Amino acid sequence: MIDGLIGIVAFIALVVVVARQNSRIGLLEREIGALRSFVLANPPAAIAKAEDEAAAAETVAAEVAPVETPAAEAAADTAETPEQAGPWAAAAMSAPAEEQSAADSRAEPDAVAVRPAASTPDIETALGTRWAIWVGGLALALGGLFLVRYSIEAGIFGPGARLTMAGLLGLLLAGGGEFVRRRGFKVPLEGAAGAYVPGVLTAAGAFTLFGAVYAAHGIYGFLGPAAAFLLLGVIGVATIAAALVHGQALAGLGLLGSMMTPALVSSQSPSAWTLFGYLAIVLVANTAIARLRNWDVLAAAGFACTGLWTLAYLFDSPSVDMIAVVAISVVTLGALALVWLRPGGEGDQAAWPAVVPAVFVALTAAVLMSAPEYQVLGGAAYGSALIFGMIVVAFYRPGAVSLLHAAGVATVLVNVKLALTGSFALQLPGGDLSFEGFEASPFAAVLGQAGLVLAVLFLVDGIWGAWRAIASAPARAAAWTGWAVLVPLVVLASQWIAFGDLDRDLGYALAAVILTAAFVACGEILARRESPPLTGGLAVSFAFIGACVAAVLALHMSFGPLWTTVLTGALAVVPAVATRIRAYPVLGWLCVLVVVVVVGRIAVDPTIVGASLLGRTPVFNALLPGYLIPALAFAFAAWQLSRTTDGRPRLVMEAAAVLLALLTVAMLVRHAMNGGVINSGAPTLAEQAVYTLIALGAGAILVALDMRSPSSVLRIGSLVAGVASAAFVAFQHFLFLNPLITDESTGRIPVFNLLFLAYLLPGIAAGALAVYARGRRPRWYSAMLGLLAALLFFAYATLSIRRLFQGEHIAYWTGMSQLETYAYSALWLVMGVGLLVAGVRRRSQVLRIASAALIAVAVAKVFIFDMSELEGVLRALSFIGLGAVLIGIGLFYQKLLARSASAERAPDP
């Protein structure tokens, strides 16, 4: 199959070469025509002037860049930009080949004439130049390897002869490339700058030589480790020299061939040291080439290939040599630190390729530390050593900050895996949630000790690195501080979960307190070194955030659920008071962080202490301090922030204080009305009525507070409270919990019963809030509350009539008597007349419209319902009463209109 593929490629190349010759003939004809036109259009004096200008330009170019590459000359002749030629061709243009004197001697008028004939490269030219040469070079390299493989399978030659032929083929290809280059190879066609024949031939030769030497050592044992390393080093140095001459195309192909050699030439008993020794030589040589020419992509590719080989060895090898794995990782870090990120170079400032080795070395360290089969071999120690090496390189090479991030992520993931070992069960409001974690490891204690060492290492080096960089590079200082805070916190929390007592563990709590003090001290030290000092930048903010989190952990480790919730809420006071001393922006947001923790704690367990320990005592139970004390602390923090830093944290604290205050009352009411149970059963109408009254009262309080101390939180909160109360009434009072539908008992007391609590009192509260909010809130808000009050009054009166006739239970399916039916009509008419009188006296159009609506409902009931349901005297009385009321209303309005007309005709005094 391979032979057929090579034959097809060769045939295509032959066809393309023939087509290219035709294309070149046409191009030469066009160039001759352009040259003839140029000579005819320009006198000899103009041509001489053009020659002088060209010579002067080439002299300047020689002073700036005395060495020019063949690919660059081809690009200059064909007027092709690096972007048009592609990234590899653009890189190849930097390879030197000929002295500038030779270029000066060839500066003839025909070079001037070629430029007008340049045209855009077509597919034919690309196939006939670039692809033919690239495929040809690849075919040569593969052909050499397949020839060796065929000779092995057929037994034609002995191992020595095969290796000798492979070496001679490699030398012949490399020599051919050098010969072509020294002969002044130059690509005359445009679009062919990337098809640099000397580089392709040299790359094929290097590919073959690498394979021959590796086979001689790893398969046949003709060469010992010292000899193999020496030869591979010589080939690597030769590849470096060739790449420096021929450009990045050779370096890329050489890297590809070098990394494919261990896969193409395999061994029945591979040696880790042979593999990684070979990879180390290739990696160092490749990194040196890339660094000398600033080839970022080449450097990243070399690190990526080495990292992939390392991970493949870890996952596929039946027996792992840990020291060899660590050695190749150390070589990777050394190549990055000493070759690529050399001090003072450009790579030390902008080193994105450093991300690649950072990722692979961190993955290697994480696998060694977390996999049980490697923990038996001391993987925790080896992985920790790699993490330490990454931190050291990042500390001394500013461009390697990606090593810091990768090391931090690896350490965090390993410790999180340690914490998630075994089975877990969480008690949530909706039920218990249990899940299985990772399989327990017998080396967990060793991993815990390694975690402690890494935590101290990150803390010390992180703060030291931030202290060095905070004045000149705040972003880098923030990175060091962030990991100096995050890693110790994760290690502490993970080991508390894995080894400590989750209910109460004073030992870990003491460690958390020490971390809190350390983070505060480090934050203050960093703040004093800022430029300007004490501004509270990102690095300082990370330190204080870590202190806050450590303090919360200390509280959770030291106390039970009640005291943890109470003290965590009270913790918000500390950063708020600290704003009197320091104006760090992070202090206000630390208060917000405490709010998030408290709200999350309450969301997980609304009972604060658990349903079994809450008890049945109304009001004076764990709910009162668990909700009220954090609410008071948040209110004080909001007040303190308003006097110092102000801003959004103050608004959040105000909202949190209001929310916790409302929850305090709501939870106490639910607890009292459900016999101490707050997590089960649907709320009753009485309980819902209390919630509605709380919402209306909260709206009034927020309006009053906003009038005294204007705040967007208070303003929006009052609107939300009013809308929420309207929603409660619409869905709970009128629909879902209406005793007319649920048949809930309304109580035996005639007046002070469920209807009084659920309809009359909320109606009064809604009406009062509507009047109080008039002019202080939008008009729609007061109108909504006024309508809500009217509907509640109407429902109270109607349901009271129902209770008068039906008793304690007033479900609609029990039917109604004719007298009850007549009573509703009479009631609605009386209420309509009363609203009309009130509207006239108060000159309120809203009341008069409400009166008209209510009377219209009564009229509709009489004509539609009473006519069919009532009989005898009640039907007559219903219509007589309706007629009398309507006539009276008509006379009333006539008298009102006449009085208004006489007032208009009366002369002014």
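Basis of the calculations
Every chain's residues receive numbers from 1 upward, in the order its sequence appears when written. Totals for whole chains, interfaces and linings use every residue, but because this is a predicted model, local features are given only for residues with pLDDT of at least 70 and side-chain atom pairs only at 80 or more, for both listing and counting. Only hydrogens and water are set aside; all other atoms, that is, all heavy atoms of the structure, feed into the side-chain values. Salt bridges are identified by distance alone: a Lys or Arg side-chain nitrogen within 4 Å of an Asp or Glu carboxyl oxygen. Secondary structure elements are defined from DSSP: runs of H or I of at least 4 residues count as helices, runs of E of at least 2 residues count as strands, and each element is numbered from the N terminus. Between buried and exposed lies partly exposed: a residue is buried under 20% and exposed over 50% of the maximum accessible area for its type, with that area taken using a 1.4 Å probe on protein chains only. Whenever a helix is involved, its axis is fitted only over the stretch in contact; in every case the axis is a line through C-alpha atoms, and angles between N-to-C directions fall within 0 to 180 degrees. Should an angle lie under 35 degrees it is considered roughly parallel, over 145 roughly antiparallel, and from 65 to 115 roughly perpendicular; all remaining angles are considered oblique. The crossing is said to be left-handed when, going from far helix to near helix, the turn is anticlockwise and less than a right angle, and right-handed when the turn is clockwise. Contacts are assigned to residue pairs that have any heavy atoms within 4.5 Å of one another. Think of it as three bins: nonpolar holds Ala, Val, Leu, Ile, Met, Phe, Trp, Tyr, Cys and Pro, charged holds Asp, Glu, Lys and Arg, and polar takes everything else, Gly as well. Between rings of Phe, Tyr and Trp, where Trp is taken as its six-membered ring, a pair exists when centres lie within 6.5 Å; planes separated by under 30 degrees are stacked, by over 60 edge-to-face, and by other angles tilted.

So, the pattern of salt bridges
A complete count under the given rule lists six salt bridges for this structure. For Arg-528, the salt bridge goes to Glu-524, with nearest N and O atoms at 3.6 Å. On the criterion of helical spacing, the pair formed by Arg-528 and Glu-524 is a turn pair, its members being four residues apart in helix 22 (residues 506-529). Residue classification places Arg-528 among the exposed positions, given a relative accessible area of 54%. A salt bridge links Glu-808 to Arg-748, with the nearest nitrogen and oxygen atoms 3.8 Å apart. One end of the pair, Glu-808, is in the loop between helix 34 (779-806) and helix 35 (818-841); the other, Arg-748, is in the loop between helix 32 (739-742) and helix 33 (754-773), with 60 residues separating them in the sequence. Among the residues examined, Arg-748 registers a relative accessible area of 75% and is labelled exposed. One salt-bridge network, held together by shared partners, links Glu-524, Arg-528 and Arg-582.

Re the packing of helix 16 (residues 355-370) against helix 19 (residues 401-419)
In helix packing, the relevant descriptors are the interaxial angle and the interaxial distance, both defined with respect to the helix axes. One way to put it is that helix 16 packs onto helix 19 with a least axis distance of 8 Å and a crossing angle of 20 degrees. Here helix 19 runs roughly parallel to helix 16, going by the angle between their axes. Two packed elements cross with a definite hand, and for helix 16 against helix 19 that hand is right-handed. The segment helix 16 lies against helix 19, with Val-355, Ala-358, Val-359, Ala-362, Ala-366, Met-369 and Ser-370 engaging Ser-402, Leu-403, Ala-406, Ala-407, Ala-410, Val-414 and Lys-417. When grouped by side-chain class, the residues that make up the contact of helix 16 with helix 19 number eleven nonpolar, two polar and one charged.

Side note on the packing of aromatic side chains
Between two aromatic rings, the relevant description is the distance of the centres plus the angle of the planes. Within the structure shown, the criterion is met by 13 aromatic pairs. Ring centres of Phe-276 and Tyr-313 lie 5.1 Å apart, and the angle between their planes is 85 degrees; this geometry places the pair in the edge-to-face category. One end of the pair, Phe-276, is in helix 13 (residues 272-293); the other, Tyr-313, is in helix 14 (residues 296-316), and 37 residues separate them in sequence. The exposure class of Phe-276 is buried, given its relative accessible area of 3%.

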